[in-house]
Amino acid sequence: MREQLNIQYSDFRSQIMTIEELLYHIQKKGIHNALSQYSRTSRAQQSRLIEAILLNIPQMPFFIDDTRQGWIVIEGTERIKAIYSFCNNKLPLTSTYSGQACTKEKHSSSLSLFEKSKILNTKVEIYAINPGLSGRNASASTCVSSHGMMPQPPAGAAAEST
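Thresholds applied
- Residues numbered from 1 in each chain as written.
- Predicted model: local features only at pLDDT ≥ 70, side-chain atom pairs only at ≥ 80, totals over all residues.
- Heavy atoms only, no water.
- Helix = DSSP H or I, 4+ residues; strand = E, 2+ residues; numbered from the N terminus.
- Buried < 20%, exposed > 50% of the residue type's maximum accessible area, 1.4 Å probe, protein only.
- Areas by Shrake-Rupley, 256 points an atom, 1.4 Å probe, with all protein chains shown as cover.
- Pairing = 2+ DSSP bridges.
- Arc of directions from axis to C-beta.
- Phe/Tyr/Trp six-rings, centres within 6.5 Å; stacked < 30°, edge-to-face > 60°.
- Lys NZ or Arg CZ within 6 Å of the ring centre and 35° of its normal.
- Contact = heavy atoms within 4.5 Å.
- Axes fitted to C-alpha atoms, helices over the stretch in contact; angles between N-to-C directions.
- Parallel < 35°, antiparallel > 145°, perpendicular 65-115°, else oblique.
- Nonpolar A, V, L, I, M, F, W, Y, C, P; charged D, E, K, R; others polar.
- Salt bridge = Lys/Arg side-chain N within 4 Å of Asp/Glu carboxyl O.

Colleague: Now, about the overall build of the protein: what can you tell me, with residues and values included?
Modeller: Looking only at helices and strands, the protein features five helices and ten strands. A buried classification covers 35% of the 162 residues belonging to the protein. Taken as a whole, the protein presents about 10,600 Å² of accessible surface, with 54% of it coming from carbon and sulfur.

This is the structure in structure tokens:
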């Protein structure tokens, strides 16, 4: 007897948004797994991320599951947490752009208007998973069996071929 596992197709979209739009989306739609109490990165590492943004260093894209009510972060949780914390004055910058230690911690509220604008207008790339297509709505689906990956005909096609 052959066992089959139906795999639904996933539809991805790529979108560019500013950090300001990202923060607005977090507040409006909600985000899961991003603002948990456990952190794997140090405050110094989080501070360096903000400094990298100020220096226009390209950032890795964020991977989001957008198939439910709120976003679920697949990749980028720590970076989103750092950006969110800094913009809400909960994470200070611990060094300057030159890599030297700050004599006084700098919060987002103490940045110049230019620096604030630079952070909020930084563009980031989001890869989001849209809701998958069900086997009934797709023209074909894929099955995994003991024989590997193989296409499965659309519903109703099996009866026509006999």
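Having put the structure on the table, let's press on.
Colleague: Talk me through the pairing of strand E4 (residues 62-65); I want residue IDs and the actual numbers.
Modeller: Relative to strand E5 (residues 71-75), E4 runs antiparallel, the two sharing three bridges. Looking at the pairing, Ile64 lines up with Val73 of E5. Counted along the chain from E4 to the antiparallel partner E5, the turn is five residues long.

Colleague: Break down helix H1 (residues 19-29) for me, citing the residues and quoting the values.
Modeller: Listed in full, the buried residues belonging to H1 are Ile19, Leu22, Leu23, His25 and Ile26. Buried positions in H1, seen along its axis, are confined to an arc of 160° and lie on one side of it. Residues of H1 that are exposed and point over 90 degrees away from its buried face: Tyr24, Gln27 and Lys28. Gly30 lies just past H1 and shows a positive phi near 95°.

Colleague: I'd like a description of the packing of aromatic side chains, backed by residues and values.
Modeller: When we look at a pair of aromatic rings, we describe it by the centre distance and by the angle of the planes. For the structure on display, the rule yields one aromatic pair. Against the face of Phe62 rests Arg79, its NZ or CZ located 4.4 Å from the ring centre.

Colleague: Would you mind going over the environment of Ile126 in detail, with residue names and values included?
Modeller: Structurally, the position occupied by Ile126 is in strand E8 (residues 123-133). Apart from residues lying up to four places away in sequence, Ile126 is in contact with Arg13, Ser14, Gln15, Met17, Leu22, Phe62 and Ile64.

Colleague: Help me get a handle on the packing of helix H2 (residues 43-54) against helix H3 (residues 77-87), residues and values and all.
Modeller: The relative placement of two packed helices is expressed as an angle between their axes plus a distance between the axes. Taken N-terminus to C-terminus, the directions of H2 and H3 make an angle of 80°; their axes are 9 Å apart at the nearest point. Taken together, H2 and H3 sit at an angle that is classed as roughly perpendicular. Of H3, the residues touching H2 (which contributes Gln46, Leu49, Ile50 and Ile53) are Glu78, Arg79, Ala82, Ile83 and Phe86. Partitioning the contact of H2 with H3 into residue classes produces six nonpolar, one polar and two charged.

Colleague: Would you mind going over unusual backbone geometry in detail, with residue names and values included?
Modeller: Here the phi dihedral of Asn56 falls at roughly 65°; this positive angle occurs in a residue that is not glycine. Looking at the element boundaries, Asn56 is found in the loop between H2 and E4. Using a relative accessible area of 55% as the deciding quantity, one classes Asn56 as exposed. Phi at Asn89 takes a positive value of approximately 60°, unusual for a residue other than glycine. Structurally, Asn89 is set in the loop between H3 and strand E6 (93-95).

Colleague: Talk me through the side chain of Thr122; I want residue IDs and the actual numbers.
Modeller: Positionally, Thr122 belongs in the loop between helix H4 (113-120) and E8. Contacts of Thr122, omitting those with residues within four sequence positions, involve Met17, Thr18, Ile19 and Ile53.

Colleague: Please provide a residue-by-residue account of the pattern of salt bridges, values included.
Modeller: Close approach of charged atoms lets side chains of opposite charge pair. Summed over the entire model, instances satisfying the criterion amount to two salt bridges. Residues Glu75 and Arg79 are paired through a salt bridge, measuring 3.8 Å at the closest nitrogen-oxygen approach. Take Glu75: its relative accessible area is 41%, and that puts it in the partly exposed class. The closest approach of N and O atoms between Lys106 and Glu115, which form a salt bridge, is 3.9 Å. Overall, Glu115 belongs to the buried group, its relative accessible area being 13%.

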